[in-house]
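A structural walkthrough
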Amino acid sequence: MYGKGILKGLSVTFMRFWNTYWQDAIWAWRRLTTGKKHYGSAEGIAHRSSKNARGIFTVQYPEEKLPVPEEFRYIPFLVFDEGAEGAKEIRCTSCGICAKVCPPQCIWIVRGTDPATGRPRPQPGDFFIDADICMNCGFCSEYCPFDAIKMDHDYEIASYTRNLYDMEKLLKPASYYEGIRPANAAREDEARRAKEAAKAAKAEAAAA
Amino acid sequence: MENNELNLPGYEIPEDVKNVVAVTTLDRLLNPVYNWGRRSSVWPLMFGLACCAIEMIAAQASRYDLARFGMEVMRPTPRQADLMIVSGTVTKKMVPAIVRLYNQMPEPKYVMAMGACASSGGPFKEGYNVVAGIDKFLPVDVYVPGCPPTPQALMNGLIMLQKKIDKEKISQVRWYRKGHDSVEIPVPILGPDLIDPRRIPDIKAAAAQPVTTPAQAGG
Amino acid sequence: MTAPASSLTIDLAARFPGAVSADVRPGYGGFIVPAEKLIEVATAIRDEFGYDLLSAVTGVDYIADNKMEVVYHAFKTTGGPAFVFKVQVPRENPVLPSVVNIWRGAEFQEREAWDLLGIKFEGHPDLRRILMWEGFEGHPLRKDWKEPFFEEEVKPFKSRWPDGKHTFAEVKNPFRDNLQFPADFDPEKVTFTDPEEALYKSLKKYHSETRDGIETDHILVNMGPQHPSTHGVFRAVVMLDGETVVSLKPVMGYLHRNHDKIGERNTFLQNMPYTDRLDYFCSMTNNFGYALAVEKLMNIQVPERADYIRVIMSELTRIQNHLIFLGMFLNDLGAMYTPALYAFEERELILDIFEEVAGARMMCNYFRFGGVARDMGEDALRKARELVFDRLPGKVDEMDRLLTENEVLVSRVKGIGYLSAEDAIRTSMTGPMLRASGVPYDIRRADPYSIYDRFDFNVACRPEGDLLARYMVRIDEMRESLKILGQALKQIPAGPIFPGKPQYQVKVPAGESYGRVESPKGELAYYVVSNGKPNPYRYHVRPSSFVNLTSLEQMCIGEKIADFVAILGGIDIVLGELDR
Ligand code: SF4
Ligand code: SF4
Ligand code: SF4
């Protein structure tokens, strides 16, 4: 019969349409009865981006946001540990590996010098990332041996001017890093502690 | 709207009617309405250049749904568009077409540089066929970093644009002022390399220098 | 993986004694053919030895030897490894005969070699620049040609560390921009060659003719580069007689981002994220091809689990790409939005997996030489299993139900854009385009890479050679991909995902290699030449969409202009890969 295919297709679109509103109704009902399982809650979003999602689903950005997974990467940032009295202990030793590995070469590092002696010291004097060149590849954080540069999750960085990030803009505390990437941070901390312990043991053995 | 925002400075309003009376100009009263209307129906040009365009389409699709901002009407013709989202790498071969498209858009018009490439050339900046940022040719209103910006990042940029629109004043916008009517941007020429007609004197001067290319200058 | 030496199974040198010699440089393979014998030898390769599909033609500038080398990779559509042969020509006067009459698929690639390397192919029907515009100064891929923002021969640049004061690249250039002009160039005095002129001349003659006593003209229509149905910045110049296409020329290069030139400055590893941006729908398969090419050179083994993850990612990519294809194709046919919206919904779910595993939705940058960057966690595997076993099969069926039998769609695509199997092979079609013409050629089966030989799947193939077949092949292929995924997800073993410690500087022995994968759009291959340094000496991408366009004109002639849009959509081009 001519037109059967069209009707078949229309049945698909109708089911989609029905599902969308039916799902909305179900979520509205749940919200009424339990008070918290809102469509836009973390739970609701997780459900609606799983295999069980039915019908059309929209994230109402900016009111609700799609959570980003731990590995998500945007622009890199530099990690510092909070020392005593708010001192920033920058992890970066200005070894330059990230600048070497960066594919579009958008990292500029001035190796730090000790103001007293004028000799190089393991601290960046200056650190620039041209956020408008960076291709978010993640190599810098992948190959940094000191866990000093990490990929940020913050994507809400649109601006009215071109973006060139200097050290001030790049520095973020380790607690922030632990917040956005808990599993990675824990693993790296573990490895660092193990390494330090091994070093200490070695030093002890050498002293003995 | 707050009364203190509406009130013109320099007018004394008696204390007892302060909440109900405001002295203002028509223009101050109209601005919010005017801007509200414009910010809620920014129609982008259906115009994709590269990878970023795919994220722009993803932002149009149901999961992110730009229709919530009144931006779902992608116009394939520049004559009906308000916003040019430069979504991708601008190449020298393409830039004459982009400038033409921009010239054909009616005022008020906005340009958004989406992604690293449109902002400054991005990862391909060093390429010989790549324009180092669309802002070399068009006035850019919002830059969205990222490669590619995720749909949410793009929407964040669009909200920034809306904020910018909110700040505009009828009395000052360029498209109502005499003589400042939409300025035509001269279309670049494809010669031995890309020639911006506005920069011909510079090019002439630099070409007359004994050292012409960085290659000859030894890096 | 194929050993490069296996092309020596045919002794071309014995067939042409005295003229052809084997390429004996260490790490290289194949044969060196003298330019004057090329046509004779190439004909024999096609007709006597059966290498009917010419995959890649590209040039390499060996500046130290003062030679240009043109490298050909030919395959049999019945399967098997590559047959490589090369022609060496002097650098000052690089001229050799064109093989377009033997393999028409060489047409665009020879034009590209002319454009970027300045190699002249005698007898080529239309040797114009293809990626750059006519009138551009120089041939950029020559080793002594420097781009305006040139800093150093190779990365990493010394100005970044240890004294990396930030400077904009513009500052160092005398023109304060990404520009360079000949000395004493005066834009006001020079008359420019019109880039369009040669193009219009190459079209079939614009003329008026009298028909039934009425004088009629052909109409010239420029579609693109800004056109909603060209999938980006593609442009086609079409000559119309009424509404019927009489001649057509694709114009490309509007997204030419210089992958090859940048790739030769980059280190081997740095190219990985750049490959993401070729076919930006399918970064995983792009990574795959490049990883294969370099792994072949380095001769390393990939751990079992990594191989499985690679296959899972590639097949998810294929499904995602074909979904988008359906949406966009229907968009081109006038079914605005609905199919595309449905497709994007499923795509988002697949991208969620990519984002969780690789860290980005589109630009995954996930493969490393020898493995993958990160392990695929239990959560991601669970998600993938749920999608593959519970959701996607139903959704593919739903797409099928929504569209396939639709009478309007069928009458729009049936019998349109016909391409016979012989023509498809002759024009070097690959991927779904070739399979829709009835040639069951799928690299995963014909020349298996990675662990594809372990899976049980059919090569989707339809004999009709029209648009409907191209559409159906994609639907079939999604089902086959789901089959592969099902097996891979069940069998995936535990174990390491990377051999040894991740290194940012890899040692790649000198030599050449050709790594190719069946990307969702066709054969995507990388020709990489290493000279033992940290940077590739030559990095060439053999793009599938670019070569697949060769037959566009042939398919469109005689059809209506509205069908041109559909035919173009049916090829499934993506500009990032087409123009590179
Ligand atoms: S961020 Fe890491 S890799 Fe980069 S210079 Fe600092 S320590 Fe070295
Ligand atoms: S993410 Fe990639 S491009 Fe960006 S700074 Fe790091 S290495 Fe460079
Ligand atoms: S910014 Fe990145 S994603 Fe966007 S067009 Fe450029 S390379 Fe592609």
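All of these numbers come straight from a predicted model, not from anything done at the bench.

This brings us to the overall build of chain C. For chain C, the count of helices and strands is 20 helices and 17 strands. At 24 Å, chain C has a C-alpha radius of gyration in line with the 25 Å of a compact globule built from 580 residues. Based on the C-alpha atoms only, the size of chain C along its principal axes is roughly 70 × 65 × 60 Å. The proportion of buried residues among the 580 residues of chain C is 66%. Excluding contacts between residues fewer than 6 apart, the proportion of contacts in chain C whose partners are at least 24 apart in sequence is 68%.

What follows covers the site of ligand 1. Surrounding ligand 1, one finds 13 residues, the nearest of these being A:C92, A:C95, A:G96, A:C98 and A:C144. Considering only residue class, the shell around ligand 1 consists of 10 nonpolar, three polar and no charged.

Here the focus is unusual backbone geometry. Backbone torsion omega between B:E107 and B:P108 reads -10 degrees, so that peptide bond is classified as cis. Mapped onto the secondary structure, B:P108 falls in the loop between α4 (95-104) and β2 (110-114). The phi dihedral of C:N66 falls on the positive side, at around 55 degrees, and the residue is not glycine. Considering the arrangement of structural elements, one finds C:N66 in the loop between β3 (53-62) and β4 (67-75). For C:N66, a relative accessible area of 36% corresponds to the partly exposed category. Its identity as a non-glycine residue notwithstanding, C:N258 has a phi of 65 degrees, on the positive side. Locating C:N258 in the fold gives a position in the loop between β12 (244-251) and α6 (259-265).

Now for the sheet that holds strand β15 (residues 511-519) of chain C. In sheet architecture, strand pairing relies on hydrogen bonds along the backbone and comes in two forms, parallel and antiparallel. All names here are of chain C. Across the sheet, three strands lie side by side as β15-β16-β17; this open sheet has antiparallel pairing. The sheet is open, and its two edges are formed by β15 and β17 (536-542), each paired on a single side. Across the sheet, the mean angle separating the axes of adjacent strands is 15 degrees when strand polarity is ignored. Inspection of the sheet shows strand β16 (residues 522-530) paired to β17 by six bridges, in the antiparallel sense. Residue pairing across strands places V529 opposite R538, the latter belonging to β17.

On to helix α3 (residues 106-117) of chain C. Residues and elements named next belong to chain C. Along its 12 residues, α3 runs 15 Å from first to last C-alpha, staying within 8% of the 16 Å computed at 1.5 Å per residue. With 12 of 12 residues buried, α3 is to be regarded as a mostly interior element. If you check which residues of α3 are buried, you get A106, E107, F108, Q109, E110, R111, E112, A113, W114, D115, L116 and L117. Backbone geometry just downstream of α3 places G118 in the positive-phi region, at approximately 75 degrees.

So, about the interface of chain B and chain C. Chain B puts 56 residues into the contact, and the matching count from chain C is 70 residues. Summed over both sides, the interface of chain B with chain C buries roughly 5800 Å², with 64% coming from carbon and sulfur. Applying the counting criterion to the chain B and chain C interface returns eight salt bridges. A salt bridge links B:K125 to C:E170; the nearest nitrogen and oxygen atoms lie 3.3 Å apart. On the surface where chain B and chain C come into contact, there are 25 residue pairs in polar contact (both at pLDDT 80 or more). Of all the secondary-structure elements, those providing two or more residues to the side of chain B that touches chain C are α3 (51-60), α4, β4 (189-190), β5 (194-195) and α7 (200-208) of chain B. Per-element accounting of the side of chain B that touches chain C gives the leading share, six residues, to α7(B).

We now examine the site of ligand 2. Neighbouring residues of ligand 2: 13 residues in total, closest A:C102, A:C134, A:C137, A:G138 and A:C140. For the shell around ligand 2, the residue count by class is 11 nonpolar, two polar and no charged.

Attention now goes to the pattern of salt bridges. Taken as a whole, this structure holds 79 salt bridges over all chains when the rule is applied. In this structure, the salt-bridge partner of A:D130 is A:R162, at a minimum N-O distance of 3.1 Å. With A:D130 in the loop between β4 (120-129) and α4 (139-143) and A:R162 in the loop between β5 (149-151) and α5 (167-170), this pair connects stretches of sequence that are 32 residues apart. Exposure remark for A:D130: the relative accessible area of 0% places this residue in the buried category. Here A:R162 falls in the partly exposed class, since its relative accessible area comes to 23%. Linking C:E264 and C:R538 is a salt bridge whose minimum nitrogen-to-oxygen distance equals 3.1 Å. With C:E264 in helix α6 and C:R538 in strand β17, this residue pair connects regions lying 274 residues apart in the sequence. Using a relative accessible area of 7% as the deciding quantity, one classes C:E264 as buried. C:R538 gets classed as buried once you look at its relative accessible area, which sits at 3%.

Attention now moves to the side chain of A:Q105. Mapping A:Q105 onto the fold places it in the loop between α3 (97-101) and β3 (107-113). Reaching out from A:Q105, the side chain makes a polar contact with the backbone oxygen of A:A99 at a distance of 3.2 Å. A polar side-chain atom of A:Q105 sits 3.0 Å from the main-chain amide nitrogen of C:F157. Sequence-distant contacts of A:Q105, that is, excluding residues within four places in its chain, are made with A:A99, A:K100, C:K155, C:P156, C:F157, C:R160 and C:Q270.

Glancing now at the pairing of strand β1 (residues 76-82) of chain A. All names here are of chain A. Of all seven residues in β1, five are buried; the element is thus mostly enclosed. In this sheet, β5 lies alongside β1 in antiparallel orientation, the contact comprising three bridges. Looking across to β5, one finds that P76 is bridged to M151. One ladder, built from three bridges, connects β1 with strand β6 (residues 171-173); its direction is parallel.

What follows covers the confidence of the model for chain A. Note that predicted coordinates carrying low pLDDT should not be read in detail. Mean pLDDT over chain A: 84, with 97% of residues reaching 70 or higher. Mean pLDDT per element in chain A: helix α2 (residues 42-48) of chain A is the minimum at 78, and β5(A) is the maximum at 90.

This part is about the sheet that holds strand β10 (residues 219-223) of chain C. All names here are of chain C. Pairing is antiparallel across the open sheet formed by three strands, whose spatial order is β10-β11-β12. For this open sheet the edge positions go to β10 and β12, each flanked by a neighbour on one side alone. Each strand axis lies, on average, 20 degrees off the axis of its neighbour in the sheet, ignoring direction. Pairing analysis gives five bridges linking β10 to strand β11 (residues 235-241), with the strands arranged antiparallel. Across the sheet, the residue bridging to V221 is V238, located in β11. Sheet strands touched by helix α5 (residues 195-202): β10, β11 and β12. Its angle to β11, the strand with the most contacts, is close to 40 degrees.

Taken residue by residue, the interface counts 29 residues in chain A and 31 residues in chain B. Across the interface of chain A and chain B, roughly 2500 Å² is buried in total on both sides, 57% from carbon and sulfur atoms. On the chain A side of the contact with chain B, A:Y61, A:A158 and A:Y160 bury the most area, a combined 28% of that side's loss. Inspection of the chain A/chain B interface yields zero salt bridges. Applying the counting rule to chain A against chain B returns 12 residue pairs in polar contact (both at pLDDT 80 or more). Here the residues of the side of chain A that touches chain B are counted per class, giving 18 nonpolar, seven polar and four charged.

We now examine the environment of B:E55. Summarising the element assignment, B:E55 is placed in helix α3. Linking B:E55 and B:G88, residues 33 residues apart in sequence, is a C-alpha distance of 10 Å. In contact with B:E55, other than residues within four places in its own chain, are B:M114, B:P148, B:P149, B:T150, B:P151, C:R361 and C:M362. A polar contact of 2.8 Å, which involves the side chain of B:E55, links it to the side chain of C:R361.

Definitions and limits used
Residues numbered from 1 in each chain as written. Chains lettered and ligands numbered in written order. Predicted model: local features only at pLDDT ≥ 70, side-chain atom pairs only at ≥ 80, totals over all residues. Heavy atoms only, no water. Helix = DSSP H or I, 4+ residues; strand = E, 2+ residues; numbered from the N terminus. Rg over C-alpha atoms; globule rule 2.2 N^0.38 Å. Buried < 20%, exposed > 50% of the residue type's maximum accessible area, 1.4 Å probe, protein only. Contact = heavy atoms within 4.5 Å. Near = heavy atom within 4 Å. Nonpolar A, V, L, I, M, F, W, Y, C, P; charged D, E, K, R; others polar. Pairing = 2+ DSSP bridges. Axes fitted to C-alpha atoms, helices over the stretch in contact; angles between N-to-C directions. Expected span 1.5 Å × (residues − 1). Buried area = accessible area lost by both parts, 1.4 Å probe. Salt bridge = Lys/Arg side-chain N within 4 Å of Asp/Glu carboxyl O. Polar contact = N/O pair within 3.5 Å; in protein donor to acceptor, adjacent residues only side chain to side chain. pLDDT = per-residue confidence, 0-100.

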